[in-house]
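One letter stands for each residue in the lines below.
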Amino acid sequence: MVKYDLLVVGFGKAGKTLAATFAKEGKKVAVVEESSAMYGGTCINIGCIPTKTLIVAADNKKDFTEAKATRDAVVSKLNAKNFAMLDSSPNIDVYTAHAKFVSNKVVEISANGETKQLEGEIVVINTGAKNNVLPIPGLTTSKNVYDSTEFQKLEKAPKTLGIIGGGNIGLEFANLYARLGVKVTVIDFAPGILGREDKDIAELAQGYLEEAGIEFKLGTATKEIRNNGELVVVDTEKYGELEFEAVLHATGRRANTEGLGLENTDIELRPNGTIVVDEFCQTAVENVFAVGDVNGGLQFTYVSLDDFRVVNGYLHGNKEYTTADRKNVPYSTFISPALSHVGLHKEEAEAAYPNVAVASLPVANMPRGAVNQDPRGLFRVTVDKDTNLILGATLFGKNSEEIINLIKMAIDNKIPYTYIRDQIFTHPTMAENLNDVFKLI
């Protein structure tokens, strides 16, 4: 039995940051990661970084082979950097092995036929999420059918691609591969895409994606998947049989807790497999924490980083900040142009406040839209007229993934919309159009 001050299971954002922090304080730390391909976690290996690298490569007119090579180089570099960041510390032992709990604070790790038990005074579970697999006959047994992780390993782009799932992951891949010259069809049970957005925004986004050549088969269940030679046949209730060279299923992600041996502990799970935690990310076992996607919170790497802040503060005697204080989390969907949002949507605001004002400004009316030669999208803001405070914003346009953070800070700090309306911004920029959209209130 090897004992550690901190034992981290999984190499995600929160866990690796806690490991580095405790090691710098002279604590003895162990990090266990099942696969060397996942050093650094989901984001840099199979999530945000590789997919956005592919999108930028497509923006730069690279073909699939060049884009894939760029993606692989970036991932390889960051993977190695993250491993070295921890492994180079004299206070951290990195184990590439499968971890299984045998009791509340003891895990048995196994690799290459050898086992060892590790015990942590503090234990952090940071195993992330994995692709959700729907019970569609033939989904897991047919050839040329991939999840989002497997799909990124393809060395050659298919000519035709069916994507089951019209959520953020499915739409980002659809947008990307369409721009790489692939004929893409999105299939989803929902009647429309981007269900959490304002209906007119979602319809606008679908129109842009259709202009890019993407076909949508919505409001239909997938009955079965099978092969016709090397082709994949997707049998749908509404549209009959659809045939593709490859199929990507992107129907959400679920907590990666299977096989962890949590039944050997007092840690509690929800029916969906996520770990039950309190406002400090602590499980039912004292000083055992679950951080990142595995605890059932928002599945963003920046939320995992915020989990680090919560846990690190708690372990250092600062209990002022908890997950209950986490509000107004912004997000972006990286279609073209990017669609970003923070705070309340229009209907949510109108239901919660008696005096709401909503203003929208098309990108086509923005000077920078003309400079970018891209008139697509709009900025929409929602304000409480009784207090002049911003309730929410949807920014649909180039660079929205950057600008949305300004709105988040304004909401958090209760800055009235009039401050942004009258602020001096550089020109010509997309950000300066916050002046104009707030003038419409």
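What counts and how
Residues numbered from 1 in each chain as written. Predicted model: local features only at pLDDT ≥ 70, side-chain atom pairs only at ≥ 80, totals over all residues. Heavy atoms only, no water. Helix = DSSP H or I, 4+ residues; strand = E, 2+ residues; numbered from the N terminus. Rg over C-alpha atoms; globule rule 2.2 N^0.38 Å. Buried < 20%, exposed > 50% of the residue type's maximum accessible area, 1.4 Å probe, protein only. Contact = heavy atoms within 4.5 Å. Areas by Shrake-Rupley, 256 points an atom, 1.4 Å probe, with all protein chains shown as cover. Lys, Arg positive; Asp, Glu negative; His and termini not counted. Charge placed at Lys NZ, Arg CZ, Asp CG, Glu CD. Phe/Tyr/Trp six-rings, centres within 6.5 Å; stacked < 30°, edge-to-face > 60°. Lys NZ or Arg CZ within 6 Å of the ring centre and 35° of its normal. UniProt positions renumbered as here; feature names shortened; annotations may be inferred. Polar contact = N/O pair within 3.5 Å; in protein donor to acceptor, adjacent residues only side chain to side chain. Core = buried A, V, L, I, M, F, W, Y, C linked by side-chain atoms within 4.5 Å. Expected span 1.5 Å × (residues − 1).

J.: Is there a simple way to explain the overall build of the protein chain in this structure?
T.: Summing up its helical and strand segments, the protein chain has 13 helices and 22 strands in all. The C-alpha atoms of the protein chain give a radius of gyration of 23 Å, which matches the 22 Å a tight globule of 441 residues would have. Along the longest, intermediate and shortest principal axes, the C-alpha atoms of the protein chain span 65 × 60 × 40 Å. Counting every position in the protein chain, which comprises 441 residues, the buried fraction comes to 51%. Looking at the protein chain alone, contacts between residues at least 24 apart form 63% of all its contacts between residues at least 6 apart. Just so you have it, the protein chain exposes about 19,900 Å², and 50% of that area is on carbon and sulfur atoms. Across the protein chain, the 46 positively charged side chains and the 57 negatively charged ones have centroids separated by 3 Å.

J.: I would appreciate a short explanation of the packing of aromatic side chains in the present structure.
T.: When we look at a pair of aromatic rings, we describe it by the centre distance and by the angle of the planes. Across all of its chains, the model carries 13 aromatic pairs by this definition. Joined through ring pairs, the aromatic side chains of F64, Y146, F151, F173 and Y177 make up one cluster. Over the face of the ring belonging to Y331 we find R196, whose NZ or CZ atom lies 3.8 Å from the ring centre. In this arrangement the basic side chain of R376 is found over the ring face of Y208, its NZ or CZ atom lying 5.8 Å from the centre.

J.: For this particular structure, what's the right way to read the UniProt feature "active site" (unreviewed entry) in the protein chain?
T.: Per the UniProt record, "active site" (unreviewed entry) is found at H427. Tracing the backbone through its elements, the reader meets H427 in the loop between α12 (417-421) and α13 (433-439). Excluding its chain neighbours within four sequence positions, the residues that come into contact with H427 are P367 and E432. Within the local environment of H427, its side chain forms a polar contact with the side chain of E432, the two groups lying 2.8 Å apart.

J.: Before we go on, may I ask you to explain the nonpolar core in this structure?
T.: One broad rule of soluble globular proteins: the nonpolar side chains tend to lie buried together. Core analysis: the biggest nonpolar cluster contains 38 residues, and F151, L161, I163, Y177, V184, I214 and F216 have the highest contact counts within it. Those elements that provide at least two residues to this core are α3 (48-59), α4 (64-87), β9 (160-164), α6 (168-179), β10 (183-188), α7 (199-211), β11 (215-218) and β15 (246-249). Element by element, the count of residues in this core is highest for α6, at six residues. The next biggest cluster of nonpolar side chains, apart from the first, holds 25 residues, and it includes F11, V31, V124 and F280.

J.: It is not clear to me how unusual backbone geometry should be interpreted in this structure. Could you clarify?
T.: With the exception of glycine, the majority of residues adopt a negative phi angle, and the majority of peptide bonds are in the trans configuration. Of note, the bond from S336 into P337 is cis; its omega dihedral lies within 30 degrees of zero at 0 degrees. Omega for the peptide link from H427 to P428 comes to -5 degrees, which places this bond in the cis form. Summarising the element assignment, P428 is placed in the loop between α12 and α13. One non-glycine residue, N287, lies in the positive phi region at around 65 degrees. Considering the arrangement of structural elements, one finds N287 in the loop between β16 (253-255) and β17 (288-290). The residue N399 is not glycine, and still its phi comes out positive at about 70 degrees. Here N399 is to be found in the loop between β22 (389-396) and α11 (400-412). A residue is classified by how much of its surface remains accessible, and N399, at 35% relative accessible area, is partly exposed.

J.: What is the right way to read the side chain of S332 from this model?
T.: Mapped onto the secondary structure, S332 falls in strand β18 (residues 331-333). The exposure class of S332 is buried, given its relative accessible area of 16%. Within the structure, S332 has its side chain in polar contact with the side chain of S340 (distance 2.7 Å). If we ignore the near neighbours within four places in the chain, the residues touching S332 are E172, L339, S340 and E401.

J.: I tried to follow helix α8 (residues 301-315) on my own but got confused; where do I start?
T.: In an α-helix, one turn spans 3.6 residues; hence positions three or four apart end up facing the same way. Over its 15 residues, α8 extends 21 Å from the first C-alpha to the last, a length consistent with the 21 Å expected when each residue adds 1.5 Å. Taken residue by residue, α8 has V303, S304, D306, D307, F308, V310, V311, N312, G313 and Y314 as its buried positions. With its phi angle positive at about 85 degrees, G317 sits one or two positions after the end of α8.

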